[in-house]
Structures are given as C-alpha cells and as structure tokens.
Amino acid sequence: MPQYKQFPLPDTAEGLTEADILTWHVKPGDTVKVNQIIVEIETAKAAVELPCPWAGVVTELLAEPGQTVEVGVPIITIDTDPGGAAAPAPAPVAAEANGTSSGKIGEEMPGGRIATLVGYGPKSGTAKRRARKDTPAAAPAAAVAAPPAPAPVVAPPAPVVVAAPVQTPGGYVPLAKPPVRKLAKDLGVDLHALTGSGPNGVITREDVETAVAAPAAAPAQSVVDNGSRERRVPIKGVRKATAQAMVDSAFTAPHVTEFLTVDVTPMMELRARLKNAPEFRGVKLTPLAFCAKAIILAARRTPDVNATWDAAANEIVYKDYVHLGIAAATPRGLVVPKVRDADRMSLKGLAIALDELATVAREGKTSPADMMNGTITITNVGVFGVDTGTPILNPGESAILALGAIRDMPWVVDGEIKIRKICQLALSFDHRVVDGQQGSQFLADVGALLAEPGIAMTY
Amino acid sequence: MSSPEQWTHPEPDAAPAATAAKPTAEQVIAGLRATDEGGADLVQLLTPEGERVTHPDFDIDISAEELRGLYRDMVLIRRVDREANALQRKGQLGIWVPLLGQEAAQIGSGRAMRPTDMAFPSYREHGIAWTRGINPTELLGIFRGTDQGTWDPVEKRFHPYTIVIGNQVLNAAGYAMGQKFDGKVGDDDGEATMCFFGDGATSQGDVHEGFVWAAVYDAPLVFFCQNNQWAISEPTERQSRLPLYQRARGYGFPGIRVDGNDVLATLAVTRWALDECRHGNGPILIEAFTYRMDAHTTSDDPTRYRLSDELEMWKLKDPIERVKVYLVKQQWADSEFFESVEADADKLGEELREFCTNMPDPPAERIFSNVYAEGNPNLEAQRDEFLGYVSGFAGGEH
C-alpha cells in the first residue's frame, strides 16, 4: 500500500514564520533517500537546504519556486512505501500535527481556506484559537462585558479641539510600530488621523508617507492653518555649511563652466578587463575612480586648476599635492570628503579610497576635518542618472568637475554611426585663477584620458 | 618614520591604511589574515597530507588500535553532527550548533582527559561529550527545547552545556581552584580540569577573569580555546591584535598553539598540559587552530560574511582525511575497517533520528521543576494556575 507522508515547512531558524521556495532538487516520480537535499528555501535569515525526512518516491510538490510558504504548511508529499499498488492522487493523508490537511484543489477546507494547486489560499483574518473544553462562550463573555466598561459608554466629552481627529487621551491608541511612530512624529503626521492599511488596521510606513505626500487629502477644514502644514527646520549642520559654502563661492569666485561630451567606451572596456584581473579582485572599480585618476594626471599639466586664490595675501597658491574632494549625497545632506594625497595613489588605491569615503559619508560619519582643505573636486551627478550640470566651486578651490551619467548613445566612429558609451563632463573653474585656455586644456585632457586611457602613457 | 600609520601600513603608496580591524579585500583573500596557516609556533604531528612529522617539544607514541579508535570517534561524531543538523532542517530540532571541522580538536583533547578530570563545555562540544561517554541522544533535548541535557555532570565529569559565552571559564576556574584547595593536585594521580571555549569567548570579560584567577591560584586548569576563526560573523583578527595563544603570556602561564585539525598533535599537547596541571604547574592555555566548516548555528548563513575560497582552503586540511591516509599508508587499517566504521555511523544516525522523532514532549509542569532545590509556595501557585489553564483546552495536546 502506498503510504503518503507530507513534509511541513520547518522553522529553520529561531522563530521564523515563513520562507520562500527557491529551487526544488526533486520532481514527482523521483526516488529520494533520507537526508537527500530536496529543496532550497530562503528565510529572512538565510538560504537553506532542506533534507528529506523519509525514503520513498516523491508524489507531489505542494509549493512552487518563488512561492512564500508559511511554516507548518506541507511542501511535498512522499510515498514512503511505493512498493504498494499505484494509487492516484495523494488522497487526504493523515494530518500533520499542526492540523493542516491536504484537500482537493479548489475545495474549501474546514478552516475556510481553499486548497489551491500549490497549497492553500490566504487564511481568513481570524486568529486560530484552540477550543476551550467547556465552551464558556456565552455566559462568561457576558460576565466580562458587564463589569465597568468605561471606554465606549462613559467616554468623557473631552474638550475636543475643533477639527482635531478623535483624540481621546487614554482612549484609542493608533496601532503602529515604533519606527513608524517615530517617522510620523518626525514628519508631523498625526497617527490618529490615519487609517491603517496593514494587517489588523496597523498603520504602516507607507500610510504615513502617503499622508505626507498628500496633505491636502487630510480632513479639509474651512480654516486652513498653513503653519501646521509647514515644517520649520533649524538651519544647522551640513545644510548650513553647504548653503554658506555655495553662497560664498558663487559670489566671490567668477565661475565659468565648460562642457565636453566624450566617448568613454575604451575606458569602460579597460574597466571590464581590470575587474577580472586578480589584483583588482574585491575592488569596487567605478567610472569615478577613472575620472579621479584622469583629473590627477591632467592637473599635472594644468596646475592652475589645483591652485587657490588667496585674496587676503594677494597670492595664488599652487599646490604640489591633490586632496581630491568627492561630493557625496548623504542622509545629512551634501558632504565633500577628501581623498588625501590622491596624486600619490594608484588607480586601485583610488578605487579603494573612494569606496571607503563613500561608505563613511553614507553612514553619516564624515567628520568636519575630513571635509577641509580640498584642492579640487569631482561631483558625480551621473549616479543620479543626470547628464550634466553647472557645478559650483567648493570655496577655496579653483575647479570642480561634474561627471555625468554614462549612456549608450549613437556616436560617429570612422564615419559610421555606432552605439558607444557616452558621457558628459562639465568643468566649472574660478576665472580669477584659471584662464579659458588652461580650463579648456584641462577639460580636454580629462576627456582624452577617459576616451583613451592609453594616453596616460604619454604623461 | 614613527607614525602609527607605518606599523599597520608599511607601503606608503599602495593603498589606504588598512588596519587589522579593517583589512582590505586583498588581505582577506590573499593572506586570509594568516588564518589558514597557524604560523611558526603551530604544533603539528600529522600534516594535512597524512605525513607524520616530528616536533621538538611534543611527540606521541600511538598504536594502530588507538589511532583507529580516534578515527572512529571522529567519523561517528561527524555523523552525529550532520544527522542533528538535518534533523533541525526537518523541523525536529529548534536549533543545532554544528561542530563540522572541529572533530580533531574535540576528540584529541577529549581523549586526553582521564575519567577523574573535569570538563566544562560551551555549547558546541558534542565531541567532548562523546569522549566522556555521553550518548549523543542526550544532547538532542537541549536543542529540541525539551530538557537541559540529561546526563549527570558529577558522574560523567562533564558540566552541562553553557550557552552564555565564556561563562563556563569562571565555573571552571573556580572548580580547578577547588581541586587545588582540596589537595588533589601535586602528583601523577592528581586531578585537572579542562575548560572549552571559542575564539569569540576570548573577548568576554568572564574569560579574562578566569585567566586571572586561575593564574594567581596556580589552578590545575587547561584552557582549551578552539579558534575556529569566526565568532559568528566576526573574524579573529577583529578581536585580537595578536595570536590568541600569546595572550597567556600576559597572565603569566604558557600558551601553545596546536593544529586543531590534527588529532595526534591535539592529543599530545593536551595530555602534556593536563599532566602539568596535575603536578601543580597549571594553568595552561591551548589554542587549537581549526575552522568552523559549517554555520555558527542552523540560524546562521555564513555565505553572507565569509568567502568560499577560505572554506575550500580548509577542506584540504580535513581532520579525518589525514588520519585515514595515514592509517592506510601504515597499513594499520583496511577497507573492512573503514566500512565497519561507516556502518556504525549509519546505525548511529538512524538511532538519533528514531530517538529524536519519538522524543516525548515534556509535561507542562516541567518548566516549574528544578527551579528551587526545595519547594516554593509562589512557584507552586503559579504552576497550579498554569496547569489549570492548560487543562482547560480541548484535545489536551498543544
């Protein structure tokens, strides 16, 4: 007699409730051994291989790859005694301890869930409760209801602020998880005014964000108090520093911006080759790193871009070192940490330094000291998918280069239109220090180095 | 030339300063932070290729039968480990702590102990438990959540598993001090204590305190640190600026690094260390240089934090294979022996499966038992209330 057993999805780590099926290593009809790996699943914690609990023949897979299965729901049926007469579909087999039993597809199960091809339809909202022995439903329930039920009945006519949503102190508390509460507080959203879209009416992050995005949709009142819909944030920290720097720079240094469009296909090819080279293993080699290298090389030919206008001393300070600033978007705003002595670094060194810099900046750990005393800056607007811009100089510096997005574009190569990797460069420079000729030379050099990295040999 | 930068980063131009706490990708890949090689001080008697080598300070005279026994121990405990791991994946255990790769470190040190010696394990010491004569089935309840381990710690001279990291080092230090106070130390018949912990535990204050107390009281205690290179996801070099065995020097007792994948070297060094302790020359730190081949626990996914070529490198240093090679080369074992060990392992695996799936759930009152040596009215009231509540459900089972 065929003996069907179903393997319920186990909790492979502590306290998980569900897992995704990744890959089945067996199919119906396969003979399986004990401990043979039958399926790979992914939980919130790890991708995990599940061994087969019994020897036998796979009768049916009850979940498809990609499907999320709750812990305890059977995922496979195995015939542990395939020697017996062939029986058709796995008839309802002895239920597993958790009470789930296999049902025909489309049929409603006792719990109200409908068996589908790959398991069961969604559970109804009610929580599963075990039956009490003496079903004390009616009487005790009433008894419970009878004692002082202050909430609904005695609800004191609290001084309800006009238009304020139901806000009975000590009464209804909106359901939301602590991070969402924090978010709502930060954004000035009143949780009482929201209807939760999560399970059991829990207010989700999306609910709060939606409420912020569409403030007008909130209970429209005749008297609109704009003050409550505006947020006043003290200008401080990075934002203040940024603003000050931008204003200083824009009003003191006469800016000139030049643009250059470059075919960077050779650079991208070189990058692809280097990525596979052993010495670059594990290094995050970005176009930015190439751009940084190109700037350093080009600045050697045009030291003016790496110089400072010292108005106080009435001098121009030329520098034999490059502290390369990288404009980085961070949760705190724009910061421009520096790669110190970038001119002494190899391409690989630069790539590693840039990666570290970005990580530190993104974590918001860039210290003010790290942002001081740059000599030239790159702003990588390309990471936002932007083609170019007119960057504003970092105060004290004489040049800033905007690296645009690298795109597949039609380009004329040897008289034919080819699809190439195209990138736009924009260079802003301080016209007090850098003349148009030097600025143009520098930009052309950077472009040439990116268009043909081999040019670096000639430097 | 005295900038601190220079100490951690001697090449000025190569790359930004990497520190031990933040190694570059290259350092991780190429040098494995020197974790795949134990260094010059590593005591080894059997190479990964199964070559018997000598060491000026440590040697062992091992018979064919003894070595076959050690081989059998390692194969069986590995099967126990794999079977229990699979049982967790089948939903039969809540969690399992794999020892895969650490068989030699555990069997070698475990077999060095005498029945009179005492052992304090952490929670990965399935191999030590095996050498203390504890049936592996007795470990399952801990990981199924049905009991706390069922062996008698006094009879087996094996303390219950300690889950809190490093805590057992204090227990062991106290116990060993007791052995000393009781005059059980001083000659060949002396007693000693072994304490087992991992590289991660060495960052715990408890371990430090244990070192200090054991040192100043000359406690007959062998600190056996299985350095499996990973404290869950933290590599050793993020926890120490020097090899762990060298820490002993700061406390004033010897520290030795042994190839933890070499059962002979582990046995030899541990025997020596226990003998020293018996004679009153304790304590001693042994760092067994080994590798955790599987996850920290079944709840962990090591692919998220370590590279697979590291694993591949350590596969070549398998503790069991090298013994097998040596046994064959010496003609100390034939295929019949290896097959019989395999058969024993299969049988043991089946026993574990049977035992685990048929393990009775503990009664509801178990949680209230063994809390106080004598009764406690508050607890009894709680127990009665809880049992009344539980018995109110239809079906009885939960």
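Nothing here was measured: the structure is a model prediction, and the numbers come from that model. (Residues numbered from 1 in each chain as written. Chains lettered and ligands numbered in written order. Predicted model: local features only at pLDDT ≥ 70, side-chain atom pairs only at ≥ 80, totals over all residues. Heavy atoms only, no water.)

1. A look at the overall build of chain A
Stated formally: The helix and strand labels rest on DSSP assignments: H or I over at least four residues marks a helix, E over at least two residues marks a strand, and numbering proceeds from the N terminus. In this scheme, a residue with accessible area under 20% of its type's maximum is buried, one over 50% is exposed, and one in between is partly exposed, where area comes from a 1.4 Å probe on protein chains only. Should any heavy atoms of two residues lie within 4.5 Å, those residues are considered in contact. In this description, accessible areas are obtained by the Shrake-Rupley approach with a 1.4 Å probe, and a residue is regarded as covered only by the protein chains that are shown.
Summing up its helical and strand segments, chain A has nine helices and 20 strands in all. Evaluated residue by residue, chain A yields a buried proportion of 37% over its 459 residues. For chain A, the proportion of contacts with a sequence separation of at least 24, taken over those separated by at least 6, is 59%. Total accessible area computed for chain A in this model is approximately 25800 Å², and 59% of it derives from carbon and sulfur atoms.

2. Considering the overall build of chain B
Secondary structure assignment for chain B yields 15 helices and seven strands. Across the 398 residues of chain B, 52% fall into the buried class. Excluding contacts between residues fewer than 6 apart, the proportion of contacts in chain B whose partners are at least 24 apart in sequence is 74%. Carbon and sulfur atoms make up 51% of the accessible area of chain B, which totals about 17900 Å².

3. Here's the deal with the nonpolar core
Most often, soluble globular proteins keep nonpolar side chains buried together rather than apart. Using the following cut-off: By nonpolar core we mean a set of buried residues, namely Ala, Val, Leu, Ile, Met, Phe, Trp, Tyr and Cys, connected to one another through side-chain atoms within 4.5 Å.
One finds Tyr71(B), Tyr161(B) and Leu264(B) to be the most contacted residues of the largest nonpolar core, which totals 71 residues. Counting residues per element, this core draws most heavily on helix H3 (residues 64-89) of chain B, which supplies 10 residues. Those residues in contact with Tyr71(B) that lie beyond four places of it in its chain are Ile320(B), Val323(B), Lys324(B), Leu327(B), Phe337(B), Phe338(B) and Val341(B). Ranked by size, the runner-up nonpolar core spans 51 residues in total, among them Val264(A), Met268(A), Ala289(A) and Ile296(A).

4. What about the packing of H3(B) against helix H14 (residues 335-357) of chain B?
Residue and element names in this part refer to chain B. To keep things clear, this is the line we draw: Each axis is a line fitted through C-alpha atoms, taken for helices only over the stretch in contact, and angles between the N-to-C directions span 0 to 180 degrees. Crossings are sorted by hand: turned counterclockwise from the far helix by less than a right angle, the near helix makes the crossing left-handed, and turned clockwise it makes it right-handed. Three classes are used, and their members are as follows: Ala, Val, Leu, Ile, Met, Phe, Trp, Tyr, Cys and Pro are nonpolar, Asp, Glu, Lys and Arg are charged, and the others, Gly among them, are polar.
Packing of H3 against H14 leaves a shortest axis separation of 9 Å and a crossing angle of 35°. Here H3 runs over H14; the crossing is right-handed. Judged by residue contacts, Arg68, Tyr71, Arg72, Val75, Leu76, Arg79, Val80, Glu83 and Leu87 of H3 engage Phe337, Phe338, Val341, Glu342, Asp344, Ala345, Asp346, Leu348, Gly349, Leu352, Arg353 and Cys356 from H14. Taken together, the residues that form the contact of H3 with H14 break down as 12 nonpolar, one polar and eight charged.

5. Let's talk about the pattern of salt bridges
Residues and elements named next belong to chain B. This is how the line gets drawn: In the sections that follow, a salt bridge refers to a side-chain nitrogen of Lys or Arg positioned within 4 Å of a carboxyl oxygen of Asp or Glu.
A full pass over the atoms with the stated rule returns 33 salt bridges over all chains. With a shortest N-O distance of 3.4 Å, lysine 329 and glutamate 51 are connected by a salt bridge. Residue lysine 329 is located in helix H13 (residues 319-329), and its partner glutamate 51 is located in the loop between helix H2 (25-31) and H3; the two are separated by 278 residues in the primary sequence. Assessed through its relative accessible area of 43%, glutamate 51 is described here as partly exposed.

6. A few points about the packing of aromatic side chains
All names here are of chain B. Where we set the bar: Each pair of aromatic rings taken from Phe, Tyr and Trp, with Trp reduced to its six-membered ring, is defined by centres within 6.5 Å and is described as stacked if the planes are under 30 degrees apart, edge-to-face if over 60, and tilted in the remaining cases. As a reminder, the over-ring test applies to NZ of lysine and CZ of arginine, requiring each to be within 6 Å of the ring centre and within 35 degrees of the ring normal.
Under the definition given, this model contains 27 aromatic pairs over all chains. Between phenylalanine 58 and tryptophan 272, the aromatic rings sit 5.4 Å apart at their centres with planes inclined by 85°, giving edge-to-face as the arrangement. Linking phenylalanine 58 in the loop between H2 and H3 with tryptophan 272 in helix H11 (residues 263-278), this pair joins segments that are 214 residues apart in sequence. When the centroid spacing of 5.9 Å and the interplanar angle of 55° are considered together, the rings of phenylalanine 368 and phenylalanine 386 count as tilted. Separated by 18 residues along the polypeptide, phenylalanine 368 in the loop between H14 and helix H15 (377-391) and phenylalanine 386 in helix H15 bring together distant segments of the chain. Its end group placed over the ring of phenylalanine 338, lysine 324 keeps NZ or CZ at 5.1 Å from the ring centre.

7. Regarding the sheet that holds strand S1 (residues 4-8) of chain A
Paired through their backbone hydrogen bonds, the strands of a sheet run either parallel or antiparallel. Residues and elements named next belong to chain A. Rules: A pair of strands is treated as paired once DSSP finds two or more bridges between them.
What the four strands build is an open sheet, ordered S1-S8-S6-S3; its pairing is antiparallel. Of all strands in the sheet, those bounded by a partner on one side alone are S1 and strand S3 (31-32). Both S3 and strand S6 (residues 56-61) contribute to a ladder of two bridges, which runs antiparallel. Each bridged residue has a counterpart across the sheet, and for threonine 31 the counterpart in S6 is valine 57.

8. As for the packing of H3(B) against H13(B)
Two packed helices can be described by the angle between their axes and the distance between those axes. Residues and elements named next belong to chain B. Running from N to C, H3 and H13 cross one another at 145°; their axes reach a closest spacing of 10 Å. As H3 runs across H13, the sense of the crossing is left-handed. Across the interface between the two elements, Leu67, Arg68, Tyr71, Met74, Val75 and Arg78 from H3 touch Pro319, Ile320, Val323, Lys324, Tyr326 and Leu327 from H13. Split by residue class, the contact of H3 with H13 holds nine nonpolar, no polar and three charged.

9. Things to note about helix H3 (residues 178-187) of chain A
Residue and element names in this part refer to chain A. We count it as follows: Working definition: the arc comes from the directions between the helix axis and the C-beta atoms, pointing outward to the latter.
Here H3 has its buried residues at Val180, Leu183 and Ala184. One side of H3 carries all its buried residues, which in axial view fall inside an arc of 95°. Facing away from the buried side of H3 by over 90 degrees, the exposed positions are Pro178, Lys182 and Lys185. Buried residues belonging to H3 abut helix H4 (205-213). Count one or two residues on from H3 and you reach glycine 188, which has phi positive near 70°.

10. Structural notes on the UniProt feature "domain: Peripheral subunit-binding (PSBD)" (unreviewed entry) in chain A
For the record, the criterion: UniProt positions are given in the numbering used here, feature names are shortened, and annotations may be inferred rather than shown by experiment.
When the UniProt feature table is mapped onto this chain, "domain: Peripheral subunit-binding (PSBD)" (unreviewed entry) is found at residues 175-212 of chain A. Taken end to end, residues 175-212 of chain A has its terminal C-alpha atoms 18 Å apart, with 47% of it in helix and 0% in strand.

11. Structural notes on helix H6 (residues 137-144) of chain B
All names here are of chain B. Within H6, seven of the eight residues are buried, which leaves the element mostly enclosed by the surrounding structure. When H6 is considered as a whole, its buried residues turn out to be Thr137, Glu138, Leu139, Leu140, Gly141, Ile142 and Phe143. Those residues of H6 that are buried lie in contact with H3, helix H5 (126-131) and H14. Note on H6: the residue one or two positions beyond its end, glycine 145, has a positive phi of about 80°.

12. A look at the environment of Val434(A)
All names here are of chain A. Relative to the elements of secondary structure, valine 434 occurs in the loop between strand S20 (416-430) and helix H9 (436-451). In this structure, the C-alpha to C-alpha distance between valine 434 and threonine 308, residues 126 residues apart in sequence, is 9.9 Å. With sequence-adjacent residues up to four places away left out, valine 434 is seen in contact with Asp304, Val305, Ser398, Phe429 and Gly439.

13. What about empty space enclosed by the protein?
All names here are of chain B. Put simply, the rule is: Two kinds of site are reported from a 1 Å grid over the protein atoms alone, namely cavities, where a 1.4 Å probe fits but cannot get out, and pockets, open sets with protein on both sides within 12 Å along at least five of seven lines, and residues are called lining when an atom falls within 4 Å of a point. Grid points are joined across faces, edges and corners, and a volume is the space filled by probe spheres set on the points.
Applying the stated criterion to the full structure yields one cavity of 30 Å³ or more. If you add up the space inside the largest cavity, you get close to 40 Å³. Lining the largest cavity are Phe197, Thr202, Phe211, Cys225, Leu244, Tyr245, Arg247, Leu285 and Glu287. Taken together, the residues of the lining of the largest cavity sort by class into six nonpolar, one polar and two charged.

14. A look at the sheet that holds strand S4 (residues 37-42) of chain A
Residues and elements named next belong to chain A. With antiparallel pairing, four strands are arranged side by side in an open sheet as S5-S4-S2-S7. A single partner strand is all that each edge strand has here, and the edge strands are strand S5 (47-51) and strand S7 (68-70). Between one strand axis and the next, the sheet turns by 40° as a mean value, whatever way the strands run.

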